[in-house]
Amino acid sequence: MSASSSKAGQKADPKAKKTGPQARAKAKTPSKGKAKASVSLPRRIAALGAILALVAAVVAVGMAIGKSGGSGKRGPAASGDPSADPMQGAYARAEQATSRRKDGDPLALGRKDAPVVLVEYADYQCSYCGKFTRDSQPELVRKYVDQGVLRIEFRNFPIFGKDSERAARASWAAGQQGKFWQFHDEVYAKLRKGDALAEDKLVDMAGKAGVTDIDRFRSDLNGSASEEAVKKDQEEGYGLGVTSTPSFLVGGRPIAGAQPMAAFDEAIAQARAAAAKKSEK
């Protein structure tokens, strides 16, 4: 999930305030009294950053080889046998650290006990995130979520400044009324940037998404709970080394950018095989 994948996704805006690692580091240094409160990531997540950087490089090379080979045949690592993949241990640790599997999570689709979890880190101003939502997400739901194989967990990862942060908080607010996915799909129906994500525009989209209590929606959007929820998702992503959107973990396997459906099919098949093998033990 490194910046090298920017051709398939979108990088963080270096001018965006309080979104990059340096901005966060600066915000954590003012006083000793705030030092403890600023550490919001579990140690197990923070420790995965270096591992997943290596995993991402391995996966990127493997996908490039697969595309250039042209034979259509899979090598041993893609055979569906998780024991053939030397990175399986890292994938399993990443899956355990990032998959929340909470009952009633409004930002999740699919069964809590689905064998495979896809975690998505996305920004509402990201064109590639919109492409994934329009092109790949419906097929993933039809082929895997509806069949009980896959659970999708969304993480708000705003990297393009205040407009992205406002939209992220609005999506969380819609989720408090059970309309997160309807609002999410409404925002991503087309590319929206800047003033298109002003509060009044977000309120209009919330109404179209079926949010009924608009006063509560505005209150939740501007409240501290939405701010903390978005911050939690951001910190999780930064702790894993996410620098561009969209970024995904599929059973712990990283996928960077709006990749073709075949990339998700393969990752889900491998993660499903690993889950099945684990349940046999």
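What you see is a predicted model; the values in this text were computed from it and never measured.

1. Concerning the pairing of strand S3 (residues 116-122)
Across the 7 residues that make up S3, a large majority, 7, are buried. Pairing of S3 with strand S4 (residues 150-156) involves 7 bridges; the strand directions are parallel. In the strand pairing of S4, Val119 is matched with Glu153. Handedness of the β-α-β unit built from S3, helix H6 (residues 127-145) and S4 comes out right-handed. Sheet topology places S3 next to strand S6 (residues 247-250); 4 bridges connect them, and they run antiparallel. Considered in S6, the bridge of Glu120 is made with Phe248.

2. Observations regarding the packing of helix H9 (residues 199-208) against helix H10 (residues 214-222)
Contact geometry for H9 and H10: axes closest at 11 Å, N-to-C directions at 130°. In terms of axis orientation, H9 runs oblique to H10. H9 and H10 meet at a crossing whose hand is right-handed. When H9 is examined against H10, the residues Glu199, Asp200, Leu202, Val203, Ala206 and Gly207 are found in contact with a partner set consisting of Ile214, Phe217, Arg218, Leu221 and Asn222. Of the residues belonging to the contact of H9 with H10, the class tally is 6 nonpolar, 2 polar and 3 charged.

3. Remarks on the packing of helix H7 (residues 162-175) against H10
Viewed as axis vectors pointing N to C, H7 and H10 meet at an angle of 130°, and their least axial separation amounts to 8 Å. Relative to H10, H7 is oriented oblique. Crossing angle aside, the handedness with which H7 passes H10 is right-handed. Residues Arg166, Arg169, Ala170, Trp172, Ala173 and Ala174 of H7 form the contact with H10, whose own contacting residues are Phe217, Asp220, Leu221 and Asn222. The residue inventory of the contact of H7 with H10, partitioned by class, reads 6 nonpolar, 1 polar and 3 charged.

4. Description of the pattern of salt bridges
Tallied over the full model, the rule gives 16 salt bridges. Arg155 is the partner of Glu153 in a salt bridge, and the nearest nitrogen-oxygen pair spans 2.9 Å. Across the pair, Arg155 and Glu153 agree in class, each one buried. Salt-bridge contacts for Arg216 lead to Asp220; the nearest nitrogen and oxygen are separated by 3.3 Å. You can see Arg216 and its partner Asp220 sitting in helix H10, 4 residues apart, about one turn around the helix. The partly exposed category is assigned to Arg216, whose relative accessible area is 36%. Residues joined in a network through salt bridges with shared partners are Arg100, Arg151, Glu153, Arg155, Asp233 and Glu236.

5. With respect to helix H12 (residues 261-280)
The terminal C-alpha atoms of H12 lie 29 Å apart, and with 20 residues this matches the ideal 28 Å at 1.5 Å per residue to within 8%. For H12, the complete set of buried residues consists of Met261, Ala263, Phe264, Ala267, Ile268, Gln270, Ala271 and Ala274.

6. Focus: the packing of aromatic side chains
Evaluation of the coordinates by the stated rule reveals 11 aromatic pairs. Judged by centre distance (5.5 Å) and plane angle (40°), the ring pair of Phe132 and Phe264 falls under tilted. On the criterion of sequence distance, the pair formed by Phe132 in helix H6 and Phe264 in helix H12 is long-range, its members being 132 residues apart. Relative accessible area serves as the criterion here: at 1%, Phe132 is assigned to the buried category. Classification of Phe264 as buried rests on a relative accessible area of 0%. Here Phe180 and Trp181 contribute two aromatic rings whose centre-to-centre distance is 4.9 Å and whose plane-to-plane angle is 85°, an arrangement assigned as edge-to-face. The structure contains a cluster of three or more aromatic residues connected by ring pairs, namely Tyr124, Phe154, Phe180, Trp181 and Tyr188. A cation over a ring is seen here: Lys193 above Phe160, with NZ or CZ 5.8 Å from the ring centre.

7. Side note on the nonpolar core
In this structure, Leu140, Leu150, Phe183 and Phe217 are the most contacted members of the largest nonpolar core, which totals 52 residues. Every residue in contact with Phe183, bar those within four places of it in the chain, is listed here: Ala167, Ala170, Ser171, Ala174, Leu202, Met205, Ala206, Ala209 and Phe217.

8. Observations concerning unusual backbone geometry
Generally, phi is negative for residues other than glycine and the peptide bonds are trans, each holding for most cases. Cis peptide bonds are those with omega within 30 degrees of zero, and the linkage from Thr245 to Pro246 qualifies with -5°. Along the chain, Pro246 falls in the loop between strand S5 (244-245) and S6. You will see that Arg101, though not glycine, has its phi angle at about 50°, which is positive. Inspection of the secondary structure assignment puts Arg101 in the loop between helix H5 (88-98) and strand S2 (108-109).

Cut-offs used in this document
- Residues numbered from 1 in each chain as written.
- Predicted model: local features only at pLDDT ≥ 70, side-chain atom pairs only at ≥ 80, totals over all residues.
- Heavy atoms only, no water.
- Buried < 20%, exposed > 50% of the residue type's maximum accessible area, 1.4 Å probe, protein only.
- Helix = DSSP H or I, 4+ residues; strand = E, 2+ residues; numbered from the N terminus.
- Pairing = 2+ DSSP bridges.
- Right-handed = clockwise from strand over helix to strand, strands pointing away.
- Axes fitted to C-alpha atoms, helices over the stretch in contact; angles between N-to-C directions.
- Parallel < 35°, antiparallel > 145°, perpendicular 65-115°, else oblique.
- Left-handed = near helix turned anticlockwise from the far one by under 90°.
- Contact = heavy atoms within 4.5 Å.
- Nonpolar A, V, L, I, M, F, W, Y, C, P; charged D, E, K, R; others polar.
- Salt bridge = Lys/Arg side-chain N within 4 Å of Asp/Glu carboxyl O.
- Expected span 1.5 Å × (residues − 1).
- Phe/Tyr/Trp six-rings, centres within 6.5 Å; stacked < 30°, edge-to-face > 60°.
- Lys NZ or Arg CZ within 6 Å of the ring centre and 35° of its normal.
- Core = buried A, V, L, I, M, F, W, Y, C linked by side-chain atoms within 4.5 Å.

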